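# Reading the structure
Read off the chains here:
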Amino acid sequence: MYKKSEAVIDIQQISYQYENSPVLNRVSLNVQPGSFLGLVGPNGSGKSTLIKCILGLLKPQAGTIHLFGTDVNHFTKWGKVGYVSQRANRFNAGFPATVFEVVSMGLFGQLGLFRFPKKKDHHRVYEALETVGMSAYAKQSIGRLSGGQQQRVFIARALVSEPELLILDEPTVGVDANSARHFYDLLGNLNQFHGLTLLLVSHDVGTMTRYVSDVACLNQTLHFHGSTRDFEANKDLSALYGYDVQHVIHEHEEMAR
Amino acid sequence: MIDVFFQYDFLRNALFSGMLIGLVAPLLGVFLVVKRMSLVADALSHITLTGIAFHFLLATVFVGLAGVDPLYMGMAFAIIGALFIDQLRKIYSHFKELAIPIILSAGVGLGVVFISIADGFNTDLFAYLFGSVAAVGQTDFYMITIVSLLVGALLILFYKEWFFLSFDEEQAKVSGLSGKWLDLIFTVLVALVIAAAMRIVGILLVSALMALPVAAAMQWAKSFKQMFFYSAVFGEIAVLAGIILGFYLDLAPGGVIVVAAVLILLLSIFLQKLNRKSFQTKYAEPDAG
Ligand SMILES: Nc1ncnc2c1ncn2[C@@H]1O[C@H](COP(=O)(O)OP(=O)(O)OP(=O)(O)O)[C@@H](O)[C@H]1O
Ligand SMILES: [Mg+2]
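Residues numbered from 1 in each chain as written. Chains lettered and ligands numbered in written order. Predicted model: local features only at pLDDT ≥ 70, side-chain atom pairs only at ≥ 80, totals over all residues. Heavy atoms only, no water.

Definition in use: UniProt positions are given in the numbering used here, feature names are shortened, and annotations may be inferred rather than shown by experiment.
Looking at an unreviewed UniProt entry, one finds chain B named Zinc transport system permease protein, with Geomicrobium halophilum as its source organism. The Sequence similarities (unreviewed entry) field of the UniProt record for chain B holds the comment "Belongs to the ABC-3 integral membrane protein family."

By the naming in an unreviewed UniProt entry, chain A is Zinc transport system ATP-binding protein, taken from Geomicrobium halophilum. Per its UniProt entry, chain A bears the Sequence similarities (unreviewed entry) comment "Belongs to the ABC transporter superfamily."

## Points about the overall build of chain A
For clarity, the threshold we go by: Starting at the N terminus, helices and strands are each numbered in turn, a helix being any DSSP run of H or I of at least four residues and a strand any DSSP run of E of at least two. For each residue, the accessible area found with a 1.4 Å probe, counting protein chains only, is set against the maximum for its type, and the residue is called buried under 20%, exposed over 50%, and partly exposed in between. Only heavy atoms enter the contact rule, under which two residues are in contact if any of them lie within 4.5 Å. Each accessible area is a Shrake-Rupley estimate made with a 1.4 Å probe; only the visible protein chains count as cover when residues are assessed.
Scanning chain A from terminus to terminus reveals nine helices and ten strands. Residues counted as buried form 51% of the 257 residues belonging to chain A. Pairs at least 24 apart in sequence give 67% of the contacts found in chain A among residues at least 6 apart. Accessible surface, chain A: about 12500 Å² in total, of which carbon and sulfur atoms supply 50%.

## Some thoughts on the environment of A:Val153
All names here are of chain A. Along the chain, the position of Val153 falls in helix 4 (residues 147-159). Note: C-alpha distance between Val153 and Ile142 (eleven residues apart in sequence) is 8.5 Å. Once residues lying within four places of it in the same chain are set aside, the contact partners of Val153 are Val99, Val102, Val103, Met134, Ile142 and Leu145.

## Quick look at the interface of chain A and chain B
Short version of the rule: Put simply, buried area is the surface a 1.4 Å probe can reach on two separate parts but cannot reach once they are joined, added for both. Throughout this description, the term salt bridge denotes a Lys or Arg side-chain nitrogen within 4 Å of a carboxyl oxygen of Asp or Glu.
On the chain B side, the residues contacting the 29 residues of chain A number 27 residues. Counting each side, the surface lost to burial between chain A and chain B is near 2500 Å², with a carbon and sulfur contribution of 69%. Among the residues chain A hides against chain B, the three largest losses belong to A:Phe95, A:Pro96 and A:Phe108. Together they make up 24% of the total. Applying the counting rule to chain A against chain B returns two salt bridges.

## A few points about helix 10 (residues 180-201) of chain B
An α-helix turns once every 3.6 residues. As a result, residues three or four positions apart point the same way. All names here are of chain B. What counts here: For a helix, the expected span equals 1.5 Å multiplied by the residue count minus one. The angle between axes fitted to the seven-residue stretch ending at a residue and the seven-residue stretch beginning at it gives the bend at that residue.
Over its 22 residues, helix 10 extends 31 Å from the first C-alpha to the last, a length consistent with the 32 Å expected when each residue adds 1.5 Å. If you look at helix 10, its biggest bend is around 25°, right at Ala195. Summarising burial for helix 10: 17 of the 22 residues are buried, a large majority. Of the residues flanking the end of helix 10, it is Gly202, one or two places downstream, whose phi is positive at about 90°.

## So, the side chain of A:Ser15
Residue and element names in this part refer to chain A. For the record, the criterion: Polar contacts, as used here, are pairs of N or O atoms within 3.5 Å; protein pairs need one atom able to donate a hydrogen and one able to accept it. Residues neighboring in sequence count only if both atoms are side-chain atoms.
Its location among the elements puts Ser15 in strand 1 (residues 9-17). Of note is the side chain of Ser15, whose polar atom sits 3.1 Å from the backbone nitrogen of Arg26. Dropping the residues within four chain positions of it, Ser15 is found in contact with Leu24, Asn25, Arg26, Pro60, Gln61 and Ala62.

## Notes on the pairing of strand 8 (residues 197-201) of chain A
Remark: a regular strand shows side chains that alternate across the two faces of the sheet. Residues and elements named next belong to chain A. What counts is decided by this rule: If DSSP finds at least two bridges between two strands, the strands pair. Assignment of crossover handedness uses the view with strands pointing away from the viewer, where a clockwise path from the first strand over the helix to the second indicates a right-handed crossover.
The buried fraction of strand 8 amounts to five of the five residues, a majority that puts the element mostly inside the structure. By the bridge criterion, four bridges tie strand 3 (residues 36-40) to strand 8 in an arrangement that is parallel. Among the inter-strand pairings, Leu37 is bridged to a residue of strand 8, identified as Leu199. With helix 5 (residues 177-194) bridging strand 7 (residues 165-169) and the parallel strand 8, this β-α-β connection has right-handed handedness.

## Focus on unusual backbone geometry
All names here are of chain A. Residues other than glycine seldom take positive phi values, yet Gln13 does so here, at roughly 50°. As for its placement among the helices and strands, Gln13 is situated in strand 1. Its identity as a non-glycine residue notwithstanding, Phe68 has a phi of 50°, on the positive side. In this structure, Phe68 sits in the loop between strand 4 (62-67) and strand 5 (70-71).

## Let's talk about a nonpolar patch on the surface
For clarity, the threshold we go by: Patch building starts from residues that exceed 30% relative accessible area and form no salt bridge, then joins like charges within 9 Å and nonpolar side chains (Val, Leu, Ile, Met, Phe, Trp, Tyr) within 5 Å.
A contiguous nonpolar patch, built from B:Ile91, B:Tyr92, B:Phe95, B:Leu98 and B:Ile102 and spanning about 470 Å² of accessible area, is present on the exposed surface. Tracing the chain through its elements places B:Ile102 in helix 5 (residues 99-117).

## Some words on the pattern of salt bridges
Pairs can form between side chains of opposite charge once their charged atoms are near each other. Counted according to the given criterion, the structure contains eleven salt bridges over all chains. Among the ionic pairs, A:Arg157 bridges to B:Asp168, the shortest N-O distance being 3.7 Å. Pair noted here: A:Arg157 is in helix 4 and B:Asp168 is in the loop between helix 8 (159-167) and helix 9 (169-174), and the two residues belong to different chains. Given the relative accessible area of 3%, A:Arg157 is considered buried. Taking the shortest distance from any N to any O, the salt bridge between B:Lys96 and B:Glu169 comes out at 3.7 Å.

## Quick notes on the site of ligand 1
Residue and element names in this part refer to chain A. For clarity, the cut-off: We call a residue near a molecule or strand as soon as one heavy atom of that residue lies within 4 Å of the molecule or strand. Lys, Arg, Asp and Glu make up the charged group, whereas Ala, Val, Leu, Ile, Met, Phe, Trp, Tyr, Cys and Pro make up the nonpolar group; the residues left over, Gly among them, are polar.
Around ligand 1, the surrounding shell holds 13 residues, and the nearest of these are Asn43, Lys47, Ser48, Thr49 and Gln86. In this structure, Glu170 approaches ligand 1 through a side-chain N or O atom, which is 3.4 Å from an oxygen atom. Burial of ligand 1 by the protein amounts to 62% of the accessible area it has alone, namely 640 Å². Among the elements that line the shell around ligand 1, the one with the most residues is helix 1 (residues 47-54), at three residues. When its residues are assigned to classes, the shell around ligand 1 shows three nonpolar, eight polar and two charged.

## Here's the deal with a positive patch on the surface
Test applied: Charged residues are defined narrowly, with Lys and Arg counted positive, Asp and Glu counted negative, and His plus the chain ends left uncounted. Here the site of a charge means NZ on Lys, CZ on Arg, CG on Asp, or CD on Glu.
On the surface, A:Arg144, B:Lys222, B:Lys273, B:Arg276 and B:Lys277 cluster together into a patch of positive charge. Position of B:Lys273 relative to the elements: it lies in helix 13 (residues 253-288). You can call B:Lys273 exposed: its relative accessible area is 54%.

Below, the structure written as structure tokens:
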């Protein structure tokens with residue numbers, strides 16, 4: 001319902017603090033339809049906090065956030081937004097639900113009150129599971145899957161409502177390298193061929209920059225926001241935000257094995 | 001042998017009321033258990049007792065109250081307790097279980113104060129504590145029916161929301177499912193069922209009917225939907241056994257219901273263990289040979 005030129009996410013001068021120390025300081029960020037934005041920054045730099053503000057889970061003390069042109073405080077079309085949280089795999093592991101049931105949760109917000117999933121919704125759940133390669137596990141208990149498999153299920157849940165904006169907070173933590181590559185290919189496809197707007201937080205800057213169109217560097221304030229090419233061209237910045245660091249980490253992991 | 005239950009009104013009331021409670025208490029219990037809130041039922045049942053004590057205290061002053069069912073006051077107290085628990089869980093959001101000892105001890109303390117002001121009661125407190133078949137009257141049956149219908153309707157209407165919220169509150173909120181009033185409705189429903197179940201199971205044992213069948217169901221259920229099925233079946237078996245055996249053997253029905261539920265639970269755990277064992281030996285054999 002938004003005009004094509006309208007930003008999917010429009011953040012103006014927001015500041016946030018939990019108790020006393022400021023975490024976000026006058027951050028402004030604009031995400032255009034169809035873009036694939038990678039958000040990078042060291043641990044504790046406020047990435048997850050920013051995302052929670054975007055999702056309306058936290059209320060910034062200053063500034064405004066608009067989603068699809070609507071102030072986030074009045075936004076209701078949450079079916080347009082998919083979200084995979086950093087803590088997605090820290091749920092109660094003994095919860096007696098199947099993979100199918102967990103993915104269908106992604107449709108609940110769209111269905112609204114007093115409505116129930118129908119046959120075609122079942123179909124959508126299987127499609128989403130197919131997309132992440134987990135359809136064979138539909139009837140399994142969610143608690144009996146490995147961490148990476150659970151993460152894929154949560155990604156399927158975020159995809160099942162066919163959102164226009166997908167926000168992922170370190171979705172590939174605990175996912176093996178091969179699956180991570182598949183996953184990035186999948187995100188790239190969704191972005192290019194389905195016009196899905198993506199916001200991705202990742203510490204794996206090396207892999208991420210091969211896929212994203214834009215990069216934003218956050219550390220309390222926004223230090224950079226521009227195209228991936230400009231980010232890579234700026235050697236100081238890319239060094240600071242993890243290119244080399246990532247390289248070293250990979251080598252360490254290799255040695256540990 | 002069950003015929004006698006249809007010959008006498010009071011037995012029929014007890015039987016039907018019990019069957020309704022045996023259905024809705026475990027159904028709500030499923031959500032209580034997965035939200036790690038099963039002790040909330042205990043706190044609310046003690047608050048219900050406080051309400052009943054308050055009724056008797058008032059009745060010593062206002063004689064007109066003697067004819068009124070003390071259950072209504074118990075229900076009112078349980079709902080107020082539910083509101084307090086809801087608030088306390090928000091205030092201590094990282095220590096949500098703190099709400100339980102606070103409300104439980106407040107309820108018992110206040111109840112004891114009421115009882116001592118009234119200088120003790122000559123009412124049969126035993127029936128309130130452990131349940132009684134004879135205590136279920138026609139109006140009790142109607143009230144239990146209304147509460148059960150309400151619970152059933154709301155469970156169907158809000159199944160999605162409660163399921164998602166109990167699995168992952170943050171994600172549910174991002175999906176636009178508002179948590180606040182849904183949590184509140186749920187806690188109030190639990191309060192209503194506890195007050196309604198009190199006649200049959202008794203205050204001290206009602207929370208068992210919300211936890212034990214669910215614990216047994218966890219041994220069998222392969223999905224969240226199946227949790228409701230097994231919990232309801234086990235709840236029904238326990239209640240029927242309790243009321244019928246309780247009547248013939250002249251035992252407090254609440255006690256027999258809980259003993260039956262414990263037996264079902266133990267049997268479930270045992271059978272599942274056996275199941276796993278036979279699976280293990282089946283796959284261990286080639287190694288041994
Ligand atoms: N619930 C909270 N209460 C108080 N402070 C918090 C809370 N959550 C985060 N913080 C603080 O806010 C800062 C930013 O945290 P945030 O989780 O946004 O970082 P991040 O960039 O996502 O880090 P990571 O890369 O480790 O995920 C940290 O210094 C942290 O200590
Ligand atoms: Mg984070």
